[in-house]
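Fold and geometry: a report
Okay, here's what each chain looks like letter by letter:
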Amino acid sequence: MIKELNIKNFAIIDSLCVKFDNGFNVITGETGAGKTLIIKAVDILLGAKINKKMIRDESVALEINAKFIHNGEDLEVSRIFKRERSYSEVNKKRISISDLLKKYSSLVQFQRQHDSNDLLDVSKHILMLDSYIGIEEEIFTLNNLFYAYLDDKKRYDDMKINAIAYRDKINLNKFQIDELNSIKLDVTEESLVNKKYKQFVSSKDVIDAVNEYIDLNEDFQISPIINIEKNIKSLSRYQSEDTDINDLVNRLEEVLIELKDIKDEVSNLDSKYHFNEEEKSVIEDKILSYEQIKRKYGGSIQSAIKFRDTLISEVDGDLSYDDKLEKLKNKLDLSKKLYMDKAQEISATRKEYALTMEKKINDYLKKVDMPNSKIKILIKPSDRYSDNGIDECEIYIITNKGEKFKPLQEIASGGEISRIMLSISLVLSNVNTGSTLIFDEVDTGVSGATASSMGNLLKGLADRKQLIVVTHLPQIAAFASRHLLVSKHTDSGRTRSMVRQLSDDERREEIARMLGGTQITETTRQAADEMLSVATD
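Residues numbered from 1 in each chain as written. Predicted model: local features only at pLDDT ≥ 70, side-chain atom pairs only at ≥ 80, totals over all residues. Heavy atoms only, no water.

1. Focus on the pattern of salt bridges
Counted only if it meets this: Salt bridges are defined by distance alone: a side-chain nitrogen of Lys or Arg within 4 Å of a carboxyl oxygen of Asp or Glu. Runs of E in the DSSP output that reach at least two residues are strands. Runs of H or I that reach at least four are helices, and both are numbered from the N terminus. Partly exposed residues are those whose accessible area sits between 20% and 50% of the maximum for their type, while under 20% is buried and over 50% is exposed, using a 1.4 Å probe and protein chains only.
Here the structure, examined in full by the defined rule, presents 23 salt bridges. Note that Asp391 is salt-bridged to Arg350, the shortest N-O span being 3.1 Å. You can see Asp391 sitting in strand β10 (residues 389-398) and its partner Arg350 sitting in helix α12 (residues 321-367), a full 41 residues away along the chain. On the accessibility criterion, Asp391 (11% relative accessible area) is buried. Its relative accessible area of 1% is what places Arg350 among the buried residues.

Here it is in structure tokens:
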């Protein structure tokens, strides 16, 4: 339910505040005063596009704000357009338009004069029927089954069309597995090969250093080992005579042992760093193979291992082409059966409820002065599958006795369309979840007793829903529980729209104006009094 609507800087509206009650709110006013702008503002508030031409002053933001009661709690929704960008807020927090539409589009349901075009659009007829039945969950399930069927059909068709490509892919997978298995895919193994390769690269320098060290120790003049042995021999004659010499000889002997060990280990390096040409070629080939594999399969041994394991899993799980095609066909047959079962179930439900819906619409048609008119909701098989099922639905009508049912758009006049649309809205109002219904001049082409009957129907509807009705008919306005008058005034050369709630006396005057035009007389006032009296009974 809308409690209050505030509009700023919108078309001829400078600043406007409208307060609604929870029953039958009617909006009247002269043509061009801005009645429909109020409805358009609500539409924009709940996600409709903004036409920049509707901004009154481009230097100021266009602001629309409304306070609702939603699920028993206060809810505030705002839409602001500034500097060619718009944004929405719910309870002062930003919200995307898609989320706004998803969560709050049911706050208000619109019935505008041009919405009667839905009746002339055959594709909308089935949506009206489904809305009456209330099968949203079933349709959602059907949607999922339909798209699952389409996915399975595409996979099956692609498999048939791309048989060569499929076999080529299998062959490529096997080739890549063989290539990846041509070397030992192991991080430790790669590390050892790299280490061996580094030894090979530095082998000449190492061997040169080894030979230099060996040559040094074999030179009689400068060999540290030979010279230390000489020193030990010379000093050992005095070991017994001097403890310091004895200690020095012992230390030199320890050094000599260490130097001999070092000489042996250095000599061993010669065999470690000696590579023949065959070994050299093997190491280089392994390094090249590792680098090629890494370059082709993800940049590292780990990624190559992961890729190989994925390929092996695909190949091991792969069936032959014919077997796989048969498997896809079986899956397609199953998804088609599931879709058809659900579609046929929904079709049967539609046919059942179409009878009750058309009866209720026909009952309302009698109340809006179309006693000889009858609606028939015709359901026939569609020539194609869709996410909405296997049915085509079209509303047929007769407007005079003795005629045959014909498609609605072929014979219904503008006034009849409005009354039919109202009748459908009244039927759907009992099942729709929205708390507010907005009617924008659905009374076009209607007058007299028919309008009074429509007003009475709307009054009854207002017991279940909040109504906001824009009308030019006094017979309808008289039934409202709150009457809002929109007028326009010119100040300083600019026209602006205003709205106010009418008191009882003001309401009498407005209905008299609607009855008699600009000339209000005692006769029109008396007629207004009588109309208001009948409406309140």
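2. Comments concerning the nonpolar core
The line we're drawing: In this description, a nonpolar core means a group of buried Ala, Val, Leu, Ile, Met, Phe, Trp, Tyr and Cys residues linked to one another through side-chain atoms lying within 4.5 Å. Only heavy atoms matter for contacts: two residues are in contact if any of them lie within 4.5 Å across the pair.
Within the largest apolar cluster, 63 residues are counted, with the highest numbers of intra-cluster contacts made by Phe24, Leu119, Met357, Ile420, Ile424, Leu458 and Leu467. Counting residues per element, this core draws most heavily on α12, at 9 residues. Apart from the residues lying within four places of it in its own chain, the contact partners of Leu119 are His125, Met128, Ile395, Leu408, Ile417, Ile420, Met421 and Ile424. Listed in part, the 42 residues of the second largest apolar core include Leu5, Leu46, Ile55 and Ile95.

3. Points about the packing of aromatic side chains
Note the cut-off: Two aromatic rings from Phe, Tyr or Trp, using only the six-membered ring of Trp, form a pair when their centres are within 6.5 Å; if the ring planes differ by under 30 degrees the pair is stacked, by over 60 it is edge-to-face, and anything between is tilted. A positively charged side chain is recorded as over a ring if its NZ (Lys) or CZ (Arg) lies within 6 Å of the ring centre. The angle to the ring normal must also be within 35 degrees.
Taken as a whole and assessed by the stated rule, the structure comprises 7 aromatic pairs. A ring pair is formed by Phe146 and Tyr147, whose centres lie 5.2 Å apart and whose planes are at 70°; its orientation type is edge-to-face. Here Phe146 falls in the buried class, since its relative accessible area comes to 9%. Ring geometry for Tyr149 and Tyr385: centres 5.8 Å apart, planes at 65°, overall edge-to-face. Here Tyr149 is found in helix α5 (residues 136-161), whereas its partner Tyr385 is found in strand β9 (residues 374-386), with 236 residues between them in sequence. Given the relative accessible area of 8%, Tyr149 is considered buried. The class for Tyr385 is partly exposed, based on a relative accessible area of 30%. By way of ring pairs, the aromatic residues Phe146, Tyr147, Tyr149, Tyr339 and Tyr385 are connected into one cluster. Lying over the aromatic face of Tyr87, Arg94 brings its terminal NZ or CZ to 3.7 Å of the ring centre.

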